[in-house]
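Notes for the structure review
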Amino acid sequence: MAVSTMWWIVAGAMVALELFTGTFYLLMLSIGLAAGGLVALAGASNAAQFIAAAVVGGGAVIICYFVRRRRPGDPSPRADRSVNLDVGETVQVPGWDADGTAQIRYRGAQWTAIHRPGVSPHPGPHRVVELVGNRLLVEAL
């Protein structure tokens, strides 16, 4: 069996392992193994094959890490409409108290509403953005 075939078999096993674990970084390492297979197919030495696999696989992992780190995280489940049906609903805020809260009537019950930090609150229609404990975080429309 050719050396390049062994690289491809190991790369395929790494992809199969990723399917079981869900670790995206294993796919990046399998790209490195595929690069080792290509270098082996070109007839390079064993050292060159391992260096190519390490450089390409390691580089792919590092690039993937920094790309994922830059991407904003998923929103809080408390702010997800599919988890909480109150998110996105409109409420009427009659006025704000000195402590930055407001007492509003919503869904037939009395609720405490709070506004986003750094925003100057004013009465009027607001949209529910998130549930924080038993309080509604709202923003002006």
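Residues numbered from 1 in each chain as written. Predicted model: local features only at pLDDT ≥ 70, side-chain atom pairs only at ≥ 80, totals over all residues. Heavy atoms only, no water.

**A few points about the packing of aromatic side chains**
- By the definition in use, this model includes 3 aromatic pairs.
- Relative to Phe 66, the ring of Tyr 65 lies with its centre 5.2 Å away and its plane at 75°, an arrangement referred to as edge-to-face.
- The class for Tyr 65 is partly exposed, based on a relative accessible area of 40%.
- The aromatic ring of Tyr 25 is capped on one face by Arg 68, whose charged end is 5.9 Å from the ring centroid. (Phe/Tyr/Trp six-rings, centres within 6.5 Å; stacked < 30°, edge-to-face > 60°. Buried < 20%, exposed > 50% of the residue type's maximum accessible area, 1.4 Å probe, protein only. Lys NZ or Arg CZ within 6 Å of the ring centre and 35° of its normal.)

**Details of a nonpolar patch on the surface**
- Among the surface-exposed residues, Ile 31, Ile 51, Val 55 and Val 56 lie close enough to one another that they form a single nonpolar patch of about 340 Å² accessible area.
- If you tally residues by element for the nonpolar patch, the top one is helix α3 (residues 46-70), at 3 residues.
- Assignment of secondary structure puts Ile 51 in helix α3.
- Among the residues examined, Ile 51 registers a relative accessible area of 55% and is labelled exposed. (Patch = residues over 30% accessible without salt bridge, like charges linked within 9 Å, V, L, I, M, F, W, Y side chains within 5 Å. Areas by Shrake-Rupley, 256 points an atom, 1.4 Å probe, with all protein chains shown as cover. Salt bridge = Lys/Arg side-chain N within 4 Å of Asp/Glu carboxyl O. Helix = DSSP H or I, 4+ residues; strand = E, 2+ residues; numbered from the N terminus.)

**Notes on the environment of Arg 71**
- Looking at the element boundaries, Arg 71 is found in the loop between α3 and β1 (90-93).
- Judged by relative accessible area, which is 55%, Arg 71 ranks as exposed.
- Residues Arg 71 and Phe 20, 51 residues apart in the sequence, show an inter-C-alpha distance of 25 Å.

**A look at the nonpolar core**
- Of all hydrophobic cores here, the largest spans 12 residues; its members are Val 91, Val 93, Trp 96, Ala 102, Ile 104, Tyr 106, Trp 111, Ala 113, Val 128, Leu 131, Leu 136 and Val 138.
- At 3 residues, the largest contribution of residues to this core is made by strand β2 (residues 101-106).
- Judged by nonpolar contacts, the second largest core, of 7 residues, contains Ala 11, Met 14, Leu 26 and Ala 40. (Core = buried A, V, L, I, M, F, W, Y, C linked by side-chain atoms within 4.5 Å.)

**A closer look at the packing of helix α1 (residues 3-21) against helix α2 (residues 24-41)**
- The contact between α1 and α2 brings their axes to 8 Å, and the two run at 170°. The angle between α1 and α2 falls in the class roughly antiparallel. Taking contact as the criterion, the partners of Val 3, Ser 4, Trp 7, Trp 8, Val 10, Ala 11, Met 14, Val 15, Leu 17, Glu 18 and Thr 21 in α1 are, on α2, Phe 24, Leu 26, Leu 27, Leu 29, Ser 30, Leu 33, Ala 34, Gly 36, Gly 37, Leu 38, Ala 40 and Leu 41.
- Class assignment of the residues belonging to the contact of α1 with α2 gives a composition of 17 nonpolar, 5 polar and 1 charged. (Axes fitted to C-alpha atoms, helices over the stretch in contact; angles between N-to-C directions. Parallel < 35°, antiparallel > 145°, perpendicular 65-115°, else oblique. Contact = heavy atoms within 4.5 Å. Nonpolar A, V, L, I, M, F, W, Y, C, P; charged D, E, K, R; others polar.)

**Examining the sheet that holds strand β4 (residues 124-132)**
- The mixed open sheet is built from 5 strands, whose spatial order is β1-β4-β5-β3-β2. Edge positions in the sheet fall to β1 and β2, since each has one partner strand and no second. Across the sheet, the mean angle from the axis of one strand to that of its neighbour is 50°, orientation sign disregarded.
- In this structure, β2 lies alongside strand β3 (residues 109-115), joined through 6 bridges in antiparallel fashion. Residue pairing across strands places Thr 101 opposite Ile 114, the latter belonging to β3. (Pairing = 2+ DSSP bridges.)

**Observations regarding the confidence of the model for the protein chain**
- Looking at the protein chain as a whole, its pLDDT mean stands at 87, while 94% of the residues score no less than 70.
- Here β4 stands out as the element of the protein chain with the lowest mean pLDDT, 87, in contrast to α2, whose mean of 93 is the highest. (pLDDT = per-residue confidence, 0-100.)

**Things to note about α1**
- Given a rise of 1.5 Å per residue, 19 residues ought to cover 27 Å, and the 27 Å separating the end C-alpha atoms of α1 matches this to within 8%.
- Residues of α1 that are buried: Ser 4, Trp 7, Ala 11, Met 14 and Glu 18. In a view along the axis of α1, the buried residues occupy a sector of 75°, so they form one face of it. More than 90 degrees from the buried face of α1, the exposed residues found are Leu 19 and Phe 20.
- Among the structural elements, α2 and α3 are those in contact with the buried residues of α1.
- Of the residues one or two after α1, Gly 22 is the one with positive phi, at around 80°. (Expected span 1.5 Å × (residues − 1). Arc of directions from axis to C-beta.)

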